[in-house]
Structure formats: C-alpha cells, structure tokens
Amino acid sequence: MHAFYYFLVPTNDADKAVRAFYEWAETHCDENNWYELVCAVNEENAIRTFDKGFYKRLEDGTLKAIDWTFESVHRKAWRSILYDLFYYDDEETYKKVVKEFEKEPLDKWAPKLISMLIDLVREAYEDLLPNLVTGEEDVLVAMRRWQYVIALETLLEIQRDRRTPPFAYDVPFFLTPYKWRCFDLRHYVASSGAEKGRTILVVDIHT
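Residues numbered from 1 in each chain as written. Predicted model: local features only at pLDDT ≥ 70, side-chain atom pairs only at ≥ 80, totals over all residues. Heavy atoms only, no water.

### Some remarks on the sheet that holds strand β4 (residues 182-184)
Thought 1: Taken together, five strands build an open sheet; the order of strands is β3-β2-β5-β1-β4 and the sheet is mixed. In this open sheet, the two strands that pair with only one neighbour each are β3 (47-49) and β4. Along the sheet, successive strands turn relative to each other by an average axial angle of 20°, direction set aside.
Thought 2: One ladder, built from three bridges, connects strand β1 (residues 2-9) with β4; its direction is parallel. (Pairing = 2+ DSSP bridges. Helix = DSSP H or I, 4+ residues; strand = E, 2+ residues; numbered from the N terminus. Axes fitted to C-alpha atoms, helices over the stretch in contact; angles between N-to-C directions.)

### Notes on a nonpolar patch on the surface
Thought 1: Residues Val139, Leu140, Met143 and Trp146 make up a contiguous nonpolar surface patch of about 460 Å² in total accessible area.
Thought 2: Positionally, Val139 belongs in helix α6 (residues 139-160).
Thought 3: You can call Val139 exposed: its relative accessible area is 59%. (Patch = residues over 30% accessible without salt bridge, like charges linked within 9 Å, V, L, I, M, F, W, Y side chains within 5 Å. Areas by Shrake-Rupley, 256 points an atom, 1.4 Å probe, with all protein chains shown as cover. Salt bridge = Lys/Arg side-chain N within 4 Å of Asp/Glu carboxyl O. Buried < 20%, exposed > 50% of the residue type's maximum accessible area, 1.4 Å probe, protein only.)

### Digging into the packing of helix α3 (residues 70-86) against helix α4 (residues 91-102)
Thought 1: As a packed pair, α3 and α4 sit with axes 10 Å apart at the nearest point and diverge in direction by 150°. The hand of the α3/α4 crossing is right-handed. Taken together, the residues of α4 that come into contact with α3 (itself represented by Arg75, Arg79, Leu82, Tyr83 and Phe86) are Tyr94, Val97, Val98, Phe101 and Glu102.
Thought 2: Of the residues in the contact of α3 with α4, the class split is seven nonpolar, no polar and three charged. (Left-handed = near helix turned anticlockwise from the far one by under 90°. Contact = heavy atoms within 4.5 Å. Nonpolar A, V, L, I, M, F, W, Y, C, P; charged D, E, K, R; others polar.)

### As for the pairing of strand β5 (residues 199-206)
Thought 1: The element β5 is extensively covered by neighbouring structure, given that eight of its eight residues are classed as buried.
Thought 2: What you see with β5 is no split at all: Thr199, Leu201, Val203 and Ile205 on one side and Ile200, Val202, Asp204 and His206 on the other are buried throughout.
Thought 3: Sheet analysis places β1 next to β5, joined by eight bridges and oriented antiparallel. The partner of Phe7 across the bridge, within β5, is Leu201.

### Some remarks on α3
Thought 1: Taking 1.5 Å as the rise per residue, α3 with 17 residues should run 24 Å; its terminal C-alpha atoms sit 25 Å apart, in good agreement.
Thought 2: Every buried residue belonging to α3 is among Phe70, Ser72, Val73, His74, Arg75, Ala77, Trp78, Ser80, Ile81, Leu82, Leu85 and Phe86, and all of these are buried. (Expected span 1.5 Å × (residues − 1).)

### Notes on the packing of α3 against α6
Thought 1: Here α3 crosses α6 at 150°, and the two axes come no closer than 10 Å. If you check the angle between α3 and α6, you find them roughly antiparallel. Residue-level contacts link Trp78, Asp84 and Leu85 of α3 to Arg144, Gln147, Tyr148, Ala151 and Leu155 of α6.
Thought 2: Class assignment for the residues of the contact of α3 with α6 results in five nonpolar, one polar and two charged. (Parallel < 35°, antiparallel > 145°, perpendicular 65-115°, else oblique.)

### Focus: the side chain of Asn42
Thought 1: Looking at where Asn42 falls in the secondary structure, it is placed in strand β2 (residues 35-42).
Thought 2: In this structure the side chain of Asn42 is engaged in a polar contact, spanning 3.5 Å, whose partner is the backbone oxygen of Asn12.
Thought 3: A polar contact of 2.8 Å, which involves the side chain of Asn42, links it to the backbone nitrogen of Glu44.
Thought 4: Leave out the neighbours within four places in its chain, and Asn42 touches Asn12, Phe70, Arg198 and Thr199. (Polar contact = N/O pair within 3.5 Å; in protein donor to acceptor, adjacent residues only side chain to side chain.)

### Structural notes on the state of the cysteines
Thought 1: The final tally for this structure, using the stated rule, is zero disulfides.
Thought 2: Unpaired in this structure, Cys39 has its nearest cysteine sulfur neighbour in Cys182, at a distance of 13 Å.
Thought 3: We classify Cys39 as buried; its relative accessible area is 0%.
Thought 4: We classify Cys182 as buried; its relative accessible area is 0%. (Disulfide = S-S within 2.5 Å.)

### Structural notes on the pattern of salt bridges
Thought 1: Inspection of the entire model under this criterion finds 14 salt bridges.
Thought 2: Between Glu100 and Lys112 there is a salt bridge, with the nearest N and O atoms lying 3.7 Å from each other. In this pair, Glu100 sits in helix α4 while Lys112 sits in helix α5 (residues 109-134), placing the two residues 12 residues apart along the sequence.
Thought 3: You can call Lys112 partly exposed: its relative accessible area is 23%.
Thought 4: Between Arg163 and Asp161 there is a salt bridge, with its nearest N and O atoms 2.6 Å apart.
Thought 5: Bridged by salt links that share partners, the residues Glu71, Arg75, Arg79 and Glu102 form one connected network.

Have a look at this one:
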C-alpha cells in the first residue's frame, strides 16, 4: 500500500526541502519504501508540483488550489495521523473524531488528541492485565495499544520541545514510514540566519 506523507521543513525553498527529504530517506526508508514527490507548499501558499498528474488536476480544476494552502496541507497531515489511529478500528469512529477536531483551531488538536490517547492507553492497559495471566490477548489488540502509546509519547515530545505537531523527529522513538506519517526535517537543513519561512513537502511513499 502507499499513502501521502508530510514533511515540515524550515525554509520557503522547495529545492532545499526536497534535499532535506532525500537525506532523511537515506536512513529512514528501506528497499520497500519507494516514493514519489507530489508537491511542496510554503507559508506564502506557493505550490511547487513534482507529479505531472497532480499538476494536471490542479490545472483543470479537479483539485482546488484553496485545498492546498499551507494550512490546508497542515490539516491533511493531521488527518493522516487520525486516520492511522482510528480508521481501522471503526470508520464511523474515525469520521466522528475528525468532525470533532475540525471544530477546533489547529493549535488545539495536539492537546485534544493527547487527552484522548491518555484515556485510550489507560483502557488498553486495564484490558491487558487479565490477558497477561491467561495469555489470550489478540495480536491486533496489542498492535493497536502499541500504536496509541507511540502516538501519545510522540505528541508529548513534540509539545515538550515546542515543535509543530504532528511533525515528529526521532525522539522518543526512531520513526519510519511504517510508524508515522508526519516528520519535522529541521535537522536536515543547514542552519542559516537568512533562512525564512516553512514548507510542507508531500511525498507518496509505499509501505
């Protein structure tokens, strides 16, 4: 399967954002993770397209440019996290969660999801205790618990380090495309006092 992944890079320069992604991919992607660049959107809402099909859909109006502003792509990044956390449990639950989150400004999404995950992790561990004795825990249930824990600790670390959620770095976990879909690439861009703005690079990655 493949999906869109989102990379936040501290520059308005799409070429620098792409170079940062390539460097990240060298250590975070394996031979199964082939990828295709889709587009880059900076804080000035300038779109740089890399995929001809994506460009054509923008040109003919199939895709609307208003849905690909910096804020819109940031929301898409958040929805990808919510999708991975909730969709496979129950599609209706996922839709309900997204609808609830969409009522809030983006800066409220992380605290809201953290609060939700704390309850989910607590429930998961309470369910786990009896199964430790009987050995009857379902593998899918265990995987879902791990996913909640990874998401909770990742978001807490982003908040602690005053980064922009849901874009994660390799703390507290070394995250690959199999575990997370939004990444902060600030450490892959050479620091420069003249550097301005931010770009979200969208990449289609196979897993």
